[in-house]
Amino acid sequence: MRYYSTNNTDTRVTLEHAVIKGLAEDNGLYMPEFIDKFDKSFFEEIGNLSFQEIAFEVAKKFFGDDVEYDELKALVYDAINFDCPVIAVNDNIYSLELFHGPTLAFKDVGARFMARLLAYFLKQNDEIVHVLVATSGDTGSAVANGFLDVEGIQVHVLYPKGKVSAIQESQFTTLGQNITSLEIDGTFDDCQRLVKSAFLDEQLNGRLTLTSANSINVARFLPQAFYYFNAFARNPQKDKNLVISVPSGNFGNLTAGLFAKRMGLPISRFIAANNRNDIVYNYLKTGKYAPKASVQTIANAMDVGDPSNFVRILDLYEHSHSRITAHIEGYTYTDQQIRDTIKHVYQKHNYLLDPHGACGYQSLQEGLKENETGIFLETAHPAKFTETVEEVVGKGNVPIPEKLAEFMKGKKKSIALSNEFNEFKEYLNKL
Ligand SMILES: *Cc1c(COP(=O)(O)O)cnc(C)c1O
C-alpha cells in the first residue's frame, strides 16, 4: 500500500517512509491510497471473534501488503494485550471502555502498535531512531509506555516543569530503560517549539534519525479503527441502527472511525462530542472552518483550537460539507454541563464517567432517535482525573486502579533543561 499527502494527492510513499517520517515533506498528512472493504459475511461472523482476532483482520487490510502475515499477527497480538469491552450504562447507551491498557487511556492502542511497527522496520536496517515527544500530560505517558523496552528506539519526553499532574508525571519519569524525561523550564508550547526546531535542524538530522509519535502518524491513528469493529461485534442491540459518539480533540480517533465505516462497518452515523473548543462543531453548522486559540477546560485532552486530523476528514469526503454532515453531527459542552453529566450518570446509573467520556454520553442522551442504539468512547479512566471527578461525586468515590497506583510508587528521574534550543541541541548531540 502506498500513501499520499493531503497536500499533494500525486505523492506516493511506502508505509515505512510514512511511519518513520510521520508528517509529509510538504507538511500534509499521509493517507492510504485505497481503503479495502470487508465482505458482508465478515459482519455476520464478527461476533464469534475475539478483539485480537478482529484487530488482526483489520490490520491485514491496512498493513497486509507491507508486513509478512506471521510478523503482523505477532505484532497485533503483542500490541493489543488488553480488552476494550462494551458496558451498558442505561437501556440504549453503552460505553466502549478504552482504558484497560497500561496508561488507562485509548492512546495506548495506537502508541503500542506504532512502537512495534517502527521496531519491525528498524530491525531490517539496524538503525536507531530517536522519538521526540512534547507532552502536556497524556500523550507522553502513552508513548513512553508503548515504546518501553522496544529495541532500536530511544524516547525523549519533553514536559513543562510543574504543569503536569503528579500521576501524569509519574507515568513517564519512573520508567527508565530507553525512556528519558526532560523537564523543561517553560510551557507546553516551549516543549513543542524545541521538538519542531530539532526536526528542522540540518546538523542534528545529519547525525540522528529523529521522528515524532503523535496522531498525525498513520501507524498511530489507523489502528484505532480496531476497536470500532470490536464495538460493533459486542453490541447487544444489533437490530437497531448504531450511532457512535467520539469525544474529540485532534480528531484522530473520529477519523479512524470514519475509516472503519468506509471499510463497510455498519455504523449509521457518528457524533463528534466537544468541550467548549467548538471549531469542528461550528464547521458542521456553518461549513466554515475557523481555527482559534484553545480554551482550557476540565476535559483537557480535548483542548485543541486547530485539530490536526481535520484535513484527513476533508480529504476523505472530498471537501464536501454536505457529505460530511450526512455522517457526523456535532455537540459541544461547557465544564458545568460535563460536571452535571458525571453526577447524574453516577447517581442514576452507578457508572463513573471521566470528563471526556461524559461529553460522549451526553450527546447520545440528547441525540439518539427511536430505533437507534448508542455507544460512546470512554477514552480514559476517571481516576486519571481524580480531582475533577471527586469534586463532583465526593471524596473517596473514585477507586484508583492498581496499575495507576504502581506508577506513583516509582522513583522520578528527569533531566532539567531550560527552554533554550541550544541547550536541547547540546543534549541531543551528546547521544
Ligand atoms: C487524546 C484524548 C482525546 C482526544 O482524542 P483525539 O483523537 O485527539 O480527538 C479524548 N480523550 C482523552 C482522554 C484523550 O487522551
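Chemist: Please provide a residue-by-residue account of the overall build of the chain, values included.
Modeler: Secondary structure assignment for the chain yields 20 helices and 14 strands. Relative to its length of 431 residues, the chain is compact, with a C-alpha radius of gyration of 21 Å against a globular reference of 22 Å. Long-range pairs, those at least 24 residues apart, make up 74% of the contacts in the chain with a sequence separation of at least 6. Working note: accessible area of the chain is about 17,700 Å², and carbon and sulfur atoms make up 46% of it.

Chemist: Describe in detail the sheet that holds strand S7 (residues 153-160), supporting the description with residues and values.
Modeler: The five strands lie next to each other as S9-S6-S7-S8-S14, forming an open sheet whose pairing is parallel. Single-partner strands in this sheet number two, and they are strand S9 (209-211) and strand S14 (415-417). Along the sheet, successive strands turn relative to each other by an average axial angle of 25°, direction set aside. With three bridges connecting them, strand S8 (residues 179-184) and S14 associate as parallel partners. Bridge pairing in S14 places Glu183 opposite Ala416. Each of strand S6 (129-134), S7, S8 and S9 is contacted by helix H8 (residues 188-200), which is oriented at about 150° to S6, the strand it contacts most.

Chemist: Mind laying out the side chain of Ser212, listing which residues take part and the relevant values?
Modeler: Structurally, the position occupied by Ser212 is in the loop between S9 and helix H10 (218-221). Setting aside anything within four residues of it in sequence, one finds Ser212 in contact with Met114, Leu132, Phe199 and Asn217.

Chemist: Tell me about the packing of aromatic side chains, and please be specific about residues and values.
Modeler: Under the counting rule described, the total for this entry stands at 22 aromatic pairs. Between Phe56 and Tyr69, the aromatic rings sit 5.2 Å apart at their centres with planes inclined by 80°, giving edge-to-face as the arrangement. Separated by 13 residues along the polypeptide, Phe56 in helix H3 (residues 51-63) and Tyr69 in helix H4 (residues 69-79) bring together distant segments of the chain. Given the relative accessible area of 3%, Phe56 is considered buried.

Chemist: Give me the lowdown on the site of the ligand, citing residues and values where you can.
Modeler: Taken together, 15 residues lie near the ligand, and Lys107, Gly249, Asn250, Phe251 and Thr379 sit nearest. In the environment of the ligand, an oxygen atom lies 2.9 Å from a nitrogen or oxygen atom belonging to the backbone of Asn253. Between the ligand and the protein, one listed contact pairs a nitrogen atom with a side-chain N or O atom of Thr379 at 2.9 Å.

Chemist: Can you explain the pattern of salt bridges? Please cite residues and give values.
Modeler: Tallying each qualifying case throughout the model produces 15 salt bridges. The residue Asp190 makes a salt bridge to Arg193 at a minimum N-O spacing of 3.1 Å. Linking Asp190 with Arg193, this pair stays in helix H8, spanning three residues, or about one helical turn. A salt bridge links Glu390 to Lys395, with the shortest nitrogen-to-oxygen separation between them at 3.3 Å. Through salt bridges that share partners, Glu169, Glu183 and Lys412 make up one connected network.

Chemist: Mind laying out helix H20 (residues 421-429), listing which residues take part and the relevant values?
Modeler: It helps to recall that an α-helix has 3.6 residues per turn; residues three or four apart then point in one direction. Those residues of H20 lying buried are Phe421, Phe424, Lys425, Tyr427 and Leu428. The buried residues of H20 occupy an angular sector of 155° when the element is viewed end-on, so they sit on one face. Those residues of H20 that are buried lie in contact with S6, S7, S8, H8, helix H9 (202-207) and S14.

Chemist: Please give an account of the pairing of S7 that cites residues and values.
Modeler: The element S7 is extensively covered by neighbouring structure, given that seven of its eight residues are classed as buried. Relative to S7, S6 runs parallel, the two sharing six bridges. Residue pairing for S7: Ala134 is matched across the bridge by Leu158. As for the winding sense of the linkage, the β-α-β connection from S6 through helix H6 (residues 138-147) to S7 is right-handed. With respect to chirality, the unit in which S7 leads through helix H7 (residues 166-173) into the neighbouring parallel S8 is right-handed.

Chemist: Can you explain the pairing of S6? Please cite residues and give values.
Modeler: Working note: regular strand, side chains alternate between the two faces of the sheet. Most of S6 sits inside the fold, with six of its six residues counted as buried. Side-chain alternation along S6 places Val129, Val131 and Val133 on one buried face and His130, Leu132 and Ala134 on a second face that is also buried. Relative to S9, S6 runs parallel, the two being bridged by three bridges. Bridge pairing in S9 links His130 to Leu210.

Chemist: Break down the sheet that holds strand S2 (residues 8-13) for me, with residues and values.
Modeler: Spatially, three strands are ordered S2-S1-S3 in an open sheet, and the strand pairing comes out antiparallel. Two strands lie at the open edges of the sheet, namely S2 and strand S3 (30-32), each paired on one side alone. Neighbour-to-neighbour, the strand axes of the sheet open up by a mean angle of 40°, direction not taken into account.

Chemist: Run through the nonpolar core, naming residues and quoting values.
Modeler: Burial of nonpolar side chains together is a common tendency in soluble globular proteins. With 135 residues, the main nonpolar core has Phe63, Leu117, Tyr228 and Phe229 as its most contacted residues. Once you skip the residues sitting within four places of it in the chain, Leu117 turns out to touch Leu15, Val19, Phe63, Val67, Leu75 and Ala219. Ranked by size, the runner-up nonpolar core spans 17 residues in total, among them Ile184, Leu204, Leu208 and Phe421.

Rules used in this analysis
- Residues numbered from 1 in each chain as written.
- Predicted model: local features only at pLDDT ≥ 70, side-chain atom pairs only at ≥ 80, totals over all residues.
- Heavy atoms only, no water.
- Helix = DSSP H or I, 4+ residues; strand = E, 2+ residues; numbered from the N terminus.
- Rg over C-alpha atoms; globule rule 2.2 N^0.38 Å.
- Contact = heavy atoms within 4.5 Å.
- Areas by Shrake-Rupley, 256 points an atom, 1.4 Å probe, with all protein chains shown as cover.
- Pairing = 2+ DSSP bridges.
- Axes fitted to C-alpha atoms, helices over the stretch in contact; angles between N-to-C directions.
- Phe/Tyr/Trp six-rings, centres within 6.5 Å; stacked < 30°, edge-to-face > 60°.
- Buried < 20%, exposed > 50% of the residue type's maximum accessible area, 1.4 Å probe, protein only.
- Near = heavy atom within 4 Å.
- Polar contact = N/O pair within 3.5 Å; in protein donor to acceptor, adjacent residues only side chain to side chain.
- Salt bridge = Lys/Arg side-chain N within 4 Å of Asp/Glu carboxyl O.
- Arc of directions from axis to C-beta.
- Right-handed = clockwise from strand over helix to strand, strands pointing away.
- Core = buried A, V, L, I, M, F, W, Y, C linked by side-chain atoms within 4.5 Å.

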